[in-house]
Amino acid sequence: MSIGIALSPFRLDATDNAVDAAVAAGRQAAAAGLSSLWFGQTFSHDSIVLSAAVGREVPELELGTSAIPIPARHPLLIASQAQTAQAATHGRFTLGLALGAPAFTEPTFGVPYDRPIARLREFLTALRAVLDTGTVDFHGELLTAVAPLPAAVAGAKPAVPVLVAAMGPQALRVTGELADGTLPFLVGPKALAEHVVAPITKAAERAGRSAPRIVVIVPGVVTADVEGARAAAEQSTAFYNDVPSYQRIIELSGAARAADLVVIGDEQAIADRVAEYIDAGATDVVFSQTDLTTPADEQRTWQLLGELNRAA
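Time to look at the packing of helix 11 (residues 267-279) against helix 12 (residues 295-311). Running from N to C, helix 11 and helix 12 point in directions that differ by 45 degrees, and their axes come no closer than 11 Å. It follows from the interaxial angle that helix 11 and helix 12 lie oblique. Relative to helix 12, the crossing made by helix 11 is right-handed. Side by side, helix 11 and helix 12 meet where Glu-267, Ile-270, Ala-271 and Val-274 of the first sit next to Arg-300, Leu-304, Leu-305 and Leu-308 of the second. Looking at side-chain class alone, the contact of helix 11 with helix 12 contains 6 nonpolar, no polar and 2 charged residues.

Further remarks concern the packing of aromatic side chains. Evaluation of the coordinates by the stated rule reveals 7 aromatic pairs. Between Phe-185 and Tyr-240, the aromatic rings sit 5.2 Å apart at their centres with planes inclined by 75 degrees, giving edge-to-face as the arrangement. One end of the pair, Phe-185, is in the loop between strand 9 (181-182) and helix 8 (189-206); the other, Tyr-240, is in the loop between helix 9 (226-237) and helix 10 (244-252), with 55 residues separating them in the sequence. Assigned by exposure class, Phe-185 and Tyr-240 land together as buried. The structure contains a cluster of three or more aromatic residues connected by ring pairs, namely Phe-43, Phe-104, Phe-109, Phe-185, Phe-239, Tyr-240 and Tyr-246.

The rules behind each value
- Residues numbered from 1 in each chain as written.
- Predicted model: local features only at pLDDT ≥ 70, side-chain atom pairs only at ≥ 80, totals over all residues.
- Heavy atoms only, no water.
- Axes fitted to C-alpha atoms, helices over the stretch in contact; angles between N-to-C directions.
- Helix = DSSP H or I, 4+ residues; strand = E, 2+ residues; numbered from the N terminus.
- Parallel < 35°, antiparallel > 145°, perpendicular 65-115°, else oblique.
- Left-handed = near helix turned anticlockwise from the far one by under 90°.
- Contact = heavy atoms within 4.5 Å.
- Nonpolar A, V, L, I, M, F, W, Y, C, P; charged D, E, K, R; others polar.
- Phe/Tyr/Trp six-rings, centres within 6.5 Å; stacked < 30°, edge-to-face > 60°.
- Buried < 20%, exposed > 50% of the residue type's maximum accessible area, 1.4 Å probe, protein only.

Here you go:
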């Protein structure tokens, strides 16, 4: 079990230099005793490139993406980037992928958001071939991936682990069969155990794969300003209230809206929640939105999580 943090792309974009800010955050995370640092992906900086840059500067951390939407991206190009990051970090990179959202697919890229599960299966099949063998010759219904030249990157060892931000039954089945684990977000501990860990583990077993990694992303902060943090959480998570896949998992978690799953309180409250996720089957607990209130609260949060990580 390990504990890390995830940084919002918007946070880095608000600085003078996103790469410098990411490296500084990585150094702070390592100094606090955390194991991993994860970068989200929007339309600004590239999270794989950031992972490579930070990994070169901060050798104590695992770096990962949480997560890169696959619509309008090609498995050959993602494999090239991911392997390069793996070589840059000397084996400390994890590739996190996502199915994407209709609102950010067709209007943005002109690509239809249709058959997302079939697309995920084909994408992972082609990607896995490149990462595992250094080449691919895949002809599917939705994509073609053929490497006319060797596609392996020297030094990209071991093979890049692939996680998928999967929470629905079909996505979890495909992820269990073809990926190394999942990156669930906004899911409570009980729902994690019953509706994420159980089905993905079953799918992995059927496919003859190892037990999947469960990297649960948990928004939260240690603070005395619970009311202020809750108001900030309502604003920062409002988008997810209207996304069907998140609506389902939020409801299964016994919550009315996304903000209800943000962990806010003192050190004991956060430590108790971390323990609940571990008991539910999480292999990694990664806190996000630790900047909901003040820099002092964020530092307090990272310090606690680092202590819990060192004690694990």
